[in-house]
Amino acid sequence: MANVVYFVRHGETFFNLYHRMQGWSDTPLTAKGKEDAANAGRALANLDFDYLFSSDLKRAVDTANIILEHHPTDKITAPIKEPAFREEFFGYFEGSDDAQSAVMVGAPQKFTNFREIFDQHGIAKVQDMIAASDPFHNAESHDEFWKRLDKGFRRLRNLPDNSVSVVVSHGMTISAIVDRFGDGQETEAPLNGSITKLTLDQNNTHVDFYNQLQIPDK
């Protein structure tokens, strides 16, 4: 028996708009971000889900509540806040300019932007490079990130058989999930408000689709 999970990236925030590192720091949804969330609710309108989870960060909770406002369900009134689904913690780099942070993290290895590191080494290496570059040693490493996120996956796997869930989470988190369990779908960061579908059983995780603004036709 398997459970189905739809991961949704939160709507655009002001840190997204300003291209700043946004891990555990929070900024409000922009007007576009609220529309991103509303569009996700409409895209999921025909989905009769049993559970709605969100990261406990405000931008994710706000997105989840807007999804509910634009989804015809009456059995769920509020999202279940789950800290395991938070974004990666960037430590010293929280709130910093993306481009400047990439130089600080990548310059010792001759990289000048995060895309170059992603393309050459993958997400795990990026996470470990950020952690190693943090002078306060607070940023999450790849292993620390997954130790936390695995708690969320255990919760999803332990739901009743054939459950359908929506989880509002974050860009790096969703990218990391697809990087681990997918087969090469992850080439760009997920769009704000985009939907990624997983199928889980007790031993396996399958990525059904990634980074879609509408549910694909079967």
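Our subject in this report is the structure included herewith. (Residues numbered from 1 in each chain as written. Predicted model: local features only at pLDDT ≥ 70, side-chain atom pairs only at ≥ 80, totals over all residues. Heavy atoms only, no water.)

## Here's the deal with the packing of aromatic side chains
By the definition in use, this model includes 12 aromatic pairs. Ring plane angle 80° and centroid distance 5.8 Å describe the contact between F7 and F85, whose orientation is recorded as edge-to-face. Of this pair, F7 sits in strand β1 (residues 3-9) while F85 sits in the loop between β3 (80-81) and α4 (98-106); the two residues are 78 residues apart in sequence, bridging distant segments of the chain. Each member of the pair, F7 together with F85, is buried. Three or more aromatic residues joined by ring pairs form one cluster here, namely F7, F85, F145, W146, F153 and F181. Note that R86 overlies the ring of W24, its terminal NZ or CZ placed 4.6 Å from the centroid. (Phe/Tyr/Trp six-rings, centres within 6.5 Å; stacked < 30°, edge-to-face > 60°. Helix = DSSP H or I, 4+ residues; strand = E, 2+ residues; numbered from the N terminus. Buried < 20%, exposed > 50% of the residue type's maximum accessible area, 1.4 Å probe, protein only. Lys NZ or Arg CZ within 6 Å of the ring centre and 35° of its normal.)

## What about the sheet that holds strand β5 (residues 195-200)?
Across the sheet, which stays open at both edges, the 6 strands sit in the order β3-β2-β4-β1-β5-β6 with mixed pairing between neighbours. Each of the sheet's edge strands pairs with one partner strand only, and the pair in question is β3 and β6 (205-212). Pairing geometry for β5 and β6, over 5 bridges, is antiparallel. Bridging from a neighbouring strand, L200 pairs with T205 of β6. In the packing of helix α8 (residues 171-181) onto the sheet, the strands contacted are β1, β4 (164-169), β5 and β6, and the crossing angle to β6 comes to about 135°. (Pairing = 2+ DSSP bridges. Contact = heavy atoms within 4.5 Å. Axes fitted to C-alpha atoms, helices over the stretch in contact; angles between N-to-C directions.)

## Regarding helix α6 (residues 123-133)
Listed in full, the buried residues belonging to α6 are I123, V126, Q127, M129, I130 and A131. Tucked inside the fold, the buried residues of α6 contact α4, α5 (114-121), α7 (142-157) and α8.

## Here's the deal with the nonpolar core
Generally speaking, soluble globular proteins have nonpolar side chains that are buried together. The biggest cluster of nonpolar side chains holds 34 residues, and the ones touching the most others in it are F7, F114, I130, F153 and L156. Of all the secondary-structure elements, those providing two or more residues to this core are β1, α4, α5, α6, α7, α8, β5 and β6. Core analysis: the second largest hydrophobic core is formed by 19 residues, L44, L47, A60 and I195 among them. (Core = buried A, V, L, I, M, F, W, Y, C linked by side-chain atoms within 4.5 Å.)

## Let's talk about the pattern of salt bridges
Side-chain pairing between opposite charges can occur once the charged atoms of the two side chains come close. Under the counting rule described, the total for this entry stands at 11 salt bridges. One salt bridge connects D48 with K75, and the closest N-O pair in it is separated by 3.0 Å. Of this pair, D48 sits in the loop between α2 (31-43) and β2 (51-54) while K75 sits in the loop between α3 (58-69) and β3, and the two are 27 residues apart along the sequence. Accessibility expressed as a relative area gives 55% for D48, which makes it exposed. (Salt bridge = Lys/Arg side-chain N within 4 Å of Asp/Glu carboxyl O.)

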